[in-house]
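Okay, here's what each chain looks like letter by letter:
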Amino acid sequence: MSALASTSTAASQDACYISLLGLAEYFRTSQPPNIKRCIQCLQALFTFMPPSKVEARTHLQMGQILMAYTKNIDLARQHLEKAWSISEPLPNFDVKFDTASLLAQLHLQTDLNSHQAKAMLRRAVELSQQNVYWHCKLLLQLAQIHASDREYSLASELLAVGAESADEASATYLKVLFLLSRAMILMIERKTNDVLALLNSAGQIIDNNIPNPHQKEYLKVFFLVLQVCYYLALGQVKTVKPSLKQLQMSIQTIMAPNWPTDEAIFGANQLEMFVWLPKEQLYVLVYLVTVSHSMMAGYMDKAQKYTEKALTQIEKLKQQEDKPILSVFKVILLEHIVMCRMVMGNRELAIREIAAARDVCLAAPQRSLLRRHSAQLHCLIGLYSMSTSFFEHAERQFVVCVSETTERDLKLFANLNLAIIYLRTKREADLKQILDAVSTENTHTYSSQALMGGFYYVQGLHAFHKNSFHEAKRFLRETLKMANAEDLNRLTSCSLVLLSHVFLSIGNSKESMNMVTPAMQLASKIPDIHVQLWGSAILKDLHRMSKDVQHEKDAYANHVKYSENLIADQRKCVQSAHHELVNWFQGDPPVTSGPPAPAVLLLPESSVAPSVAVIASTSAAMQPAGQYGQFY
């Protein structure tokens, strides 16, 4: 009888558990959700002294609901820690892994550092070796945290372990995700040869060993984004064109109305429930790399057009769900459009958009975006200050940028602009010091066409200012060779107009005309008002020397037009409330009021893994640093 009574009691308790859980889910999914009642139902379950597994799972559910629907983080933490303490020693019980993943996210939200999150995930990774799905998911999450903390070697090692685990489980799709994610980390570390080897390996698997055509297309987009970023990081604007075109065609395929949902593509097999980014976010990312390419190639109109389309798409997605990665994309796009505006002489719009980027950074939780983009903002404000002739402010902004950033590209870009300031302000000793430092640090480590072309350009400008015209020609011809090889149009136009000025200075008017004519054509196509201003002054002098009065008048009229446009814009700049940003050198940027901006290199994540926006922002945000010779 006692056995029967025990069985009856157990059945009765099971019925209570099921009823309470069902009621809790009913309240959670009501419209609107009744979270208070949902929590009360789950809380009531503990009064029945449930078995360990039921108790642990219920604590996990409480933690999930408190995190998702309330601001009671401390109570959520208590429930998750209780779930972990109960589930950790229990074998073959996945609740421990789900709990560890959530606790790590919570630690990242509330703690000042990521130490606890890493420790929790390392323990969970150790325990999950017999569960491939959770082992891989936790490896990705832990790798992301290390990457966010710029511990790239550790992130790379974890991703290599993940690729091996996926390979042992014959999970080819997941293996490729790990390989491509590792390539992304190596790209940030500038390990060019290793990146190429991994991309080649992943590319062969995608072509030959992924039978599902929809998964194949997704992997292809990931692969092509990395390939495009790889070429852009090397300044190979011309070489990248076929890959970029292929990427644009792939994203159109994925965005077609008849394309299946992500849930349909990735929901059948647990080891395929990982996706790099949802297709709507991929769409924005393809716009972003297209904008980066247009900037480096010197097509400002195209860059503006694609930026506006991407920002419009971001706002649509934000209305559906405001994912953190969308803010990352927005900041990177604003960084690009700011540079477009300045090249075209629209500096007042540029400072408005710098202020808009600041606002996005300040709105992010725990100032995470500001920490990652502070150096870029200082660099952009430095460029703005330089273009409006606030050279002391520009110098301080670039110095802050160099001290804050760990990105070699951005540091080199800021230093080259500092060199131009020292040229303008006739500080020969400072100029020599910075050029020597740049030369020592970068001549043997940089293979980027844009970066090295910019370095030679600044040396040519320096030689020109010293009246060392033969030396100036030598540097500028080297710049032109590099710029022409990869269609770096801005670098070409800047070099041509300076070379024209060199020939004008030595009295060779024929060669000067041969240089300034294509420079002006390119500058008009870009358009670059600074090169146009400079070139029109040279043309005026050349026509005067040849006694061509009409052409001299035309060149002078153009020069006055460009000059007046810049003066009018300068007046707007200094009257703008956002101009106060030139005085920001430390801490949080000041909040300024004024007219708003015009309206308009990621790891995979599973369905509940945190978004890996940081890696994409790191690799992409470095791309604007390939633009040179903007202000003289």
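This text follows the structure it describes.
Note that this is a predicted model, so its numbers are computed, not measured.

Draft legend 1. Here's a closer look at the overall build of the chain. Along the backbone of the chain there are 28 helices and 2 strands. Viewed in the frame of its principal axes, the chain has a C-alpha envelope of about 120 × 55 × 50 Å. Across the 632 residues in the chain, those meeting the buried criterion constitute 56%. Of the accessible surface of the chain, which amounts to about 27000 Å², a share of 52% is contributed by carbon and sulfur atoms. Distance between charge centroids for the chain: 5 Å, based on 60 positive and 57 negative side chains.

Draft legend 2. Geometry of helix H15 (residues 300–320). Across its 21 residues, H15 extends 31 Å between first and last C-alpha, which sits within 8% of the 30 Å expected from 1.5 Å per residue. Check the buried side of H15 and you find it contacts helix H14 (279–297), helix H16 (324–343) and helix H24 (489–505).

Draft legend 3. Inspection of the packing of aromatic side chains at higher detail. Applying the stated criterion across every chain, the model contains 13 aromatic pairs. Look at Tyr-218 and Phe-266: their rings are 4.9 Å apart centre to centre, the planes differ by 80 degrees, and that puts the pair in the edge-to-face class. Highlighted residues: Tyr-218 in helix H11 (residues 213–233) and Phe-266 in helix H13 (residues 262–266), separated in sequence by 48 residues. Here Tyr-218 and Phe-266 have matching classes, each one buried. The rings of Phe-97, Tyr-133, Trp-134 and Phe-274 are connected pair by pair, giving a single aromatic cluster. The ring centre of Tyr-299 lies 5.3 Å from the NZ or CZ of Lys-302, which sits over that ring. The ring of Phe-475 is capped by Arg-474, whose NZ or CZ atom sits 4.7 Å from the centre of that ring.

Draft legend 4. Inspection of H24 at higher detail. With 17 residues, H24 should cover 24 Å at 1.5 Å per step; its first-to-last C-alpha distance of 24 Å lies within 8% of that length. Counting buried positions over the 17 residues of H24 gives 15, a clear majority of the element. Gly-507 sits one or two positions beyond H24 and adopts a positive phi of about 85 degrees.

Draft legend 5. Fine view of the environment of Arg-182. Along the chain, Arg-182 falls in helix H9 (residues 172–188). Given a relative accessible area of 26%, Arg-182 falls into the partly exposed group. Taking the C-alpha atoms as reference points, Arg-182 and Glu-471, separated by 289 residues in sequence, lie 43 Å from one another. Apart from the residues lying within four places of it in its own chain, the contact partners of Arg-182 are Ser-156, Leu-159, Ala-160 and Leu-198.

Draft legend 6. Main features of the packing of helix H12 (residues 241–254) against H14. Contact pair H12 / H14: the axes reach a minimum separation of 10 Å and the direction vectors enclose 155 degrees. In this view, H12 runs roughly antiparallel relative to H14, as classed from their interaxial angle. Crossing of H12 over H14 shows left-handed handedness. Residue-level inspection shows Lys-241, Leu-244, Leu-247, Gln-248, Ile-251, Gln-252 and Ile-254 of H12 in contact with H14, the latter providing Lys-279, Leu-282, Tyr-283, Val-286, Val-289, Thr-290 and His-293. When its residues are assigned to classes, the contact of H12 with H14 shows 8 nonpolar, 4 polar and 2 charged.

Draft legend 7. Just the pattern of salt bridges, in detail. Under the counting rule described, the total for this entry stands at 24 salt bridges. For the salt bridge of Arg-352 with Glu-348, the shortest nitrogen-to-oxygen distance reads 3.1 Å. With a gap of 4 residues between them, Arg-352 and Glu-348 both fall in helix H17 (residues 347–363), about one helical turn apart. In this structure, the salt-bridge partner of Asp-541 is Arg-544, at a minimum N-O distance of 2.8 Å.

Draft legend 8. Just the nonpolar core, in detail. Among the nonpolar cores identified, the biggest contains 214 residues, and Leu-174, Leu-180, Leu-247, Trp-276, Phe-398 and Tyr-457 are the most heavily contacted of them. Of all the elements, H16 adds the most residues to this core, at 14 residues.

Draft legend 9. Summary view of the environment of Lys-540. With respect to the element layout, Lys-540 can be found in helix H26 (residues 529–545). Residues Lys-540 and Asp-262 lie 278 residues apart in sequence; the distance between their C-alpha atoms is 61 Å. Each residue touching Lys-540, except ones within four places of it in the same chain, is listed here: Glu-552, Ala-555 and Tyr-556.

Draft legend 10. Main features of the packing of helix H22 (residues 449–465) against H24. Between H22 and H24, the least distance of the axes is 11 Å, while the angle of their chain directions is 20 degrees. Judged by the inter-axis angle, H22 sits roughly parallel to H24. The chirality of how H22 crosses H24 is left-handed. Seen from H22, the contacting residues are Ala-450, Gly-453, Gly-454, Tyr-457, Gly-460, Leu-461 and Phe-464; seen from H24, they are Leu-491, Cys-494, Ser-495, Leu-498, His-501, Val-502 and Ser-505. When the residues that make up the contact of H22 with H24 are grouped by side-chain class, the tally is 8 nonpolar, 6 polar and no charged.

Cut-offs and rules
Residues numbered from 1 in each chain as written. Predicted model: local features only at pLDDT ≥ 70, side-chain atom pairs only at ≥ 80, totals over all residues. Heavy atoms only, no water. Helix = DSSP H or I, 4+ residues; strand = E, 2+ residues; numbered from the N terminus. Buried < 20%, exposed > 50% of the residue type's maximum accessible area, 1.4 Å probe, protein only. Areas by Shrake-Rupley, 256 points an atom, 1.4 Å probe, with all protein chains shown as cover. Lys, Arg positive; Asp, Glu negative; His and termini not counted. Charge placed at Lys NZ, Arg CZ, Asp CG, Glu CD. Expected span 1.5 Å × (residues − 1). Contact = heavy atoms within 4.5 Å. Phe/Tyr/Trp six-rings, centres within 6.5 Å; stacked < 30°, edge-to-face > 60°. Lys NZ or Arg CZ within 6 Å of the ring centre and 35° of its normal. Axes fitted to C-alpha atoms, helices over the stretch in contact; angles between N-to-C directions. Parallel < 35°, antiparallel > 145°, perpendicular 65-115°, else oblique. Left-handed = near helix turned anticlockwise from the far one by under 90°. Nonpolar A, V, L, I, M, F, W, Y, C, P; charged D, E, K, R; others polar. Salt bridge = Lys/Arg side-chain N within 4 Å of Asp/Glu carboxyl O. Core = buried A, V, L, I, M, F, W, Y, C linked by side-chain atoms within 4.5 Å.

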